[in-house]
Amino acid sequence: MTAVHTTARRPIHLDDVPGWFPPLDQLLFTWLLEGQARREVRGDLLELGVYMGKSAILLGRHLHRAEKFTVCDLFEGDAPDDANQAESTKSYASLTRQAFEENYLSFHDELPKVVQAPSSVISTEVDPGTCRFVHIDASHLYEHVYGDIGAARELLAPGGIVVLDDFRSEHTPGVSVAAWEAVLNRGLRPLCLSTQKLYATWEDPEPLQGELLDMLRERDDIALSVQQAAGHRLVRVKSKAVKAPAFPRSRHQVEAPEEPKAAPAPQQAPVRKRSRARRIAVDLTPPIVTRAVRRARRG
């Protein structure tokens with residue numbers, strides 16, 4: 001029986017949502033999505049594999065009017081084959097659609113279109129050539145990733161970007177093989193490689209990659225290297241204590257009540273001080289004269 005996962009507490013910050021979405025990748029997602037907005041690249045958003053919704057929540061923040069956002073995941077449903085079922089049971093036994101939706105609605109007013117099914121059905125759920133950004137983070141098995149990459153190519157519009165998660169992890173060799181096979185044989189052109197994700201396009205990467213390099217070279221919190229391999233310029237980035245970009249807090253944030261202001265201290269009548277010269281004069285006055293003056297004042 002699948003264990004039901006609920007977030008330990010309602011998320012207030014994006015990083016309160018469970019998941020693997022490092023600050024460097026949050027920064028790259030944000031920069032690429034904001035760049036599409038500046039260049040007026042329009043199209044829908046798609047995520048294959050959502051886990052608890054961390055990256056989906058960020059993607060939803062960049063959805064513009066008249067655009068659609070679709071997410072696809074098995075959640076607690078049955079996998080299409082034994083290998084995928086074993087992978088799902090081992091790594092995602094606690095994932096439920098309810099947990100994802102609760103997390104997403106903590107930061108947004110409406111859910112995206114949720115497709116609870118294997119990623120292989122996505123071409124029947126999303127129209128060809130309509131997406132500007134596709135994030136692939138579903139099955140790690142070669143056959144499934146191969147199909148997801150093919151679907152992304154079919155669904156992306158001009159100016160579209162695809163992001164492949166776990167393309168270099170030792171426990172996901174199927175993703176690595178499918179990713180580099182796509183680069184060598186299927187026309188995929190790398191834009192950038194982070195520790196965890198491959199950012200790419202099927203168009204000429206030079207203009208966007210040049211802008212990306214300009215941005216990266218201005219930062220001292222990112223280690224940057226550029227290499228050439230098989231005719232591709234590979235831009236490699238690694239975090240040096242990168243901070244995640246600012247992101248609005250969730251609806252669960254409770255404003256701290258203002259502390260009551262302390263009542264002002266009662267004002268005391270000012271104490272009149274005698275001048276030093278007057279104090280000396282009084283002290284030097286003979287006692288008999290002082291008594292005479294006091295009697296004169298009373299009389």
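Look a little higher up for the structure.
What this report covers is the structure whose coordinates are included nearby. Computed from a predicted structure; not experimentally measured.

## Notes on the overall build of the protein
Across its full length, the protein holds 10 helices and nine strands. Burial analysis of the protein (299 residues in total) assigns 44% to the buried set. A fraction of 70% describes how many contacts in the protein between residues 6 or more apart in sequence connect residues 24 or more apart. Per element, the accessible surface of the protein, about 17300 Å² overall, is 51% carbon and sulfur.

## A short note on the pattern of salt bridges
As a working rule, side chains carrying opposite charge can pair if their charged atoms are close by. One pass over the full model with this rule turns up eight salt bridges. A salt bridge links Asp-165 to Lys-197; its shortest N-O distance comes to 2.6 Å. Pair noted here: Asp-165 is in strand β5 (residues 156-165) and Lys-197 is in strand β7 (residues 197-201), with a separation of 32 residues, a long-range link. Judged by relative accessible area, Lys-197 falls into the buried class, the value being 1%.

## Structural notes on the packing of aromatic side chains
Evaluation of the coordinates by the stated rule reveals 10 aromatic pairs. A centroid spacing of 5.9 Å and a plane angle of 40 degrees characterise the contact between Phe-100 and Tyr-104, whose relative ring orientation is tilted. In this pair, Phe-100 and Tyr-104 both sit in helix α4 (residues 97-107), four residues apart, roughly one turn of the helix. The class for Phe-100 is buried, based on a relative accessible area of 0%. Taking 5.9 Å as the distance between ring centres and 50 degrees as the angle between the ring planes, the aromatic pair formed by Tyr-142 and Tyr-146 counts as tilted. Pair noted here: Tyr-142 and Tyr-146 are both in helix α6 (residues 142-155), with a separation of four residues, about one helical turn. Against the face of Tyr-146 rests Arg-186, its NZ or CZ located 3.7 Å from the ring centre.

## Focus on the side chain of Ser-250
Position of Ser-250 relative to the elements: it lies in the loop between β9 (232-239) and α9 (276-284). A distance of 3.1 Å separates the side chain of Ser-250 from the backbone nitrogen of His-252, its partner in a polar contact. Setting aside anything within four residues of it in sequence, one finds Ser-250 in contact with Pro-11, Ile-12, Ser-106 and Phe-107.

## Details of the side chain of Ser-119
Along the chain, Ser-119 turns up in the loop between β3 (113-116) and α5 (122-125). Look past the residues within four positions of Ser-119 in its chain and what remains in contact with it is Leu-48, Cys-72, Ala-138 and Asp-148.

## Brief notes about the packing of α6 against helix α7 (residues 173-185)
Where α6 contacts α7, the axes come no closer than 8 Å and their chain directions differ by 35 degrees. Pair α6 / α7 crosses with right-handed handedness. For the pair α6 and α7, contact is made by Tyr-142, Val-145, Tyr-146 and Ile-149 and by Gly-174, Val-175, Val-177, Ala-178, Ala-179, Glu-181 and Ala-182, respectively. In terms of residue class, the contact of α6 with α7 is made up of nine nonpolar, one polar and one charged.

## What about the pairing of strand β8 (residues 222-229)?
When β8 meets β9, the two strands line up antiparallel, connected through eight bridges. Paired with Ala-229 across the bridge in β9 is His-232. Connecting β8 to the next strand, β9, in antiparallel fashion are two residues, including Ala-230 with a positive phi near 50 degrees.

## A look at the packing of helix α1 (residues 23-38) against helix α8 (residues 206-217)
At their nearest, the axes of α1 and α8 sit 12 Å apart, and the two run at 130 degrees to each other. Classified by the angle between their axes, α1 and α8 sit oblique to one another. The way α1 lies across α8 gives a crossing that is right-handed. Only Leu-208, Glu-211, Leu-212 and Met-215 of α8 make contact with α1, whose side of the interface consists of Leu-28, Trp-31 and Leu-32. Here the residues of the contact of α1 with α8 sort into six nonpolar, no polar and one charged.

## Topic: the environment of Ser-239
Among the structural elements, Ser-239 can be located in strand β9. Residue classification places Ser-239 among the partly exposed positions, given a relative accessible area of 34%. Engagement of the side chain of Ser-239 in a polar contact is seen with the backbone nitrogen of Ala-241, the distance being 3.3 Å. Of the polar contacts made by the side chain of Ser-239, one reaches the backbone nitrogen of Val-242; its length is 3.0 Å.

## Some thoughts on unusual backbone geometry
With a phi close to 50 degrees, Tyr-51 is a non-glycine residue in the positive phi region. Its location among the elements puts Tyr-51 in the loop between β1 (44-48) and α2 (54-60). With phi around 50 degrees, Phe-75 is a residue other than glycine that occupies positive phi space. Following the sequence through the fold, Phe-75 ends up in the loop between β2 (69-73) and α3 (82-91). Residue Phe-75 is classed as buried on the basis of its relative accessible area of 3%.

Rules and cut-offs
- Residues numbered from 1 in each chain as written.
- Predicted model: local features only at pLDDT ≥ 70, side-chain atom pairs only at ≥ 80, totals over all residues.
- Heavy atoms only, no water.
- Helix = DSSP H or I, 4+ residues; strand = E, 2+ residues; numbered from the N terminus.
- Buried < 20%, exposed > 50% of the residue type's maximum accessible area, 1.4 Å probe, protein only.
- Contact = heavy atoms within 4.5 Å.
- Areas by Shrake-Rupley, 256 points an atom, 1.4 Å probe, with all protein chains shown as cover.
- Salt bridge = Lys/Arg side-chain N within 4 Å of Asp/Glu carboxyl O.
- Phe/Tyr/Trp six-rings, centres within 6.5 Å; stacked < 30°, edge-to-face > 60°.
- Lys NZ or Arg CZ within 6 Å of the ring centre and 35° of its normal.
- Polar contact = N/O pair within 3.5 Å; in protein donor to acceptor, adjacent residues only side chain to side chain.
- Axes fitted to C-alpha atoms, helices over the stretch in contact; angles between N-to-C directions.
- Left-handed = near helix turned anticlockwise from the far one by under 90°.
- Nonpolar A, V, L, I, M, F, W, Y, C, P; charged D, E, K, R; others polar.
- Pairing = 2+ DSSP bridges.
- Parallel < 35°, antiparallel > 145°, perpendicular 65-115°, else oblique.

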